[in-house]
Amino acid sequence: MHTLTKAEETGQIVRIDCMYCRITHRYRCRDLLQLCGDVPIDEIAPHFRCEKCNHKDYLRAVFELPRGADTGKLRIRKLVRIKTVRKPVWKDDFF
């Protein structure tokens, strides 16, 4: 099974396309390893939501091997930090 670790070793990147609004983003495998773990390509898209249309159901992830001619031309998103949001969950109880 081809996972993110194997793709990183071969120099591949991940391309995520939104089939609804036709937007594409590319990511480094090492960055996605921190978010998703060492998963196959089929399990990457459910971790994302399209920033343009806010849909999750229309995302598709594929591995892509950049060619030499693509060097310096492909826009690749770089993970800067992971922000954790603390959200309280309340339950009503009797006094």
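Before any of the text, the structure's been laid out above.
A brief structural summary. As the structure is a computational prediction, the values presented were derived from the model and not from experiment.

Rules and cut-offs
- Residues numbered from 1 in each chain as written.
- Predicted model: local features only at pLDDT ≥ 70, side-chain atom pairs only at ≥ 80, totals over all residues.
- Heavy atoms only, no water.
- Helix = DSSP H or I, 4+ residues; strand = E, 2+ residues; numbered from the N terminus.
- Rg over C-alpha atoms; globule rule 2.2 N^0.38 Å.
- Buried < 20%, exposed > 50% of the residue type's maximum accessible area, 1.4 Å probe, protein only.
- Contact = heavy atoms within 4.5 Å.
- Areas by Shrake-Rupley, 256 points an atom, 1.4 Å probe, with all protein chains shown as cover.
- Lys, Arg positive; Asp, Glu negative; His and termini not counted.
- Charge placed at Lys NZ, Arg CZ, Asp CG, Glu CD.
- Core = buried A, V, L, I, M, F, W, Y, C linked by side-chain atoms within 4.5 Å.
- Phe/Tyr/Trp six-rings, centres within 6.5 Å; stacked < 30°, edge-to-face > 60°.

### A short note on the overall build of the chain
Broken down by element type, the chain carries two helices and three strands. Listed N to C, the secondary structure of the chain is α-β-β-α-β in terms of helices and strands. A compact globule built from 95 residues would reach a C-alpha radius of gyration of about 12 Å, whereas the chain, at 17 Å, exceeds it by more than 25%. Seen through its principal axes, the chain has C-alpha atoms that stretch 70 × 30 × 25 Å. Among the 95 residues that make up the chain, the fraction classed as buried is 32%. Counting contacts in the chain only where the partners sit at least 6 residues apart, residues at least 24 apart contribute 66% of the total. A total of about 7800 Å² of accessible surface is found on the chain, and carbon and sulfur atoms cover 50% of it. Side-chain charges of the chain comprise 20 positive and 13 negative groups, with the mean position of each set lying 7 Å from the other.

### Some remarks on the nonpolar core
Formed by 20 residues in total, the largest nonpolar core has its most connected members in Leu4, Val14, Ile16, Ile44 and Phe48. Of all the elements in the fold, those that place two or more residues in this core are helix H1 (4–9), strand E1 (13–18), helix H2 (29–36) and strand E3 (59–64). Apart from residues no more than four positions distant in its own chain, Val14 is found in contact with Leu4, His25, Arg26, Tyr27, Cys29, Leu32, Ile41, Ile44, Ala61, Val62 and Phe63.

### What to know about the packing of aromatic side chains
What the rule picks out here adds up to two aromatic pairs. Centre to centre, the rings of Tyr20 and Tyr58 are 5.1 Å apart; their planes meet at 35 degrees, and the pair counts as tilted. Taken together, the positions of Tyr20 in the loop between E1 and strand E2 (23–28) and Tyr58 in the loop between H2 and E3 put the pair 38 residues apart, joining distant regions of the chain. Arranged with centres 5.3 Å apart and planes meeting at 45 degrees, the rings of Tyr27 and Phe48 form a pair that is tilted. Here the residue Tyr27 occupies a position in strand E2, and Phe48 occupies one in the loop between H2 and E3, the gap between them amounting to 21 residues.

### Some points on unusual backbone geometry
One non-glycine residue, Arg22, lies in positive phi territory at about 60 degrees. Along the chain, the position of Arg22 falls in the loop between E1 and E2. Here the phi dihedral of Asn54 falls at roughly 70 degrees; this positive angle occurs in a residue that is not glycine.

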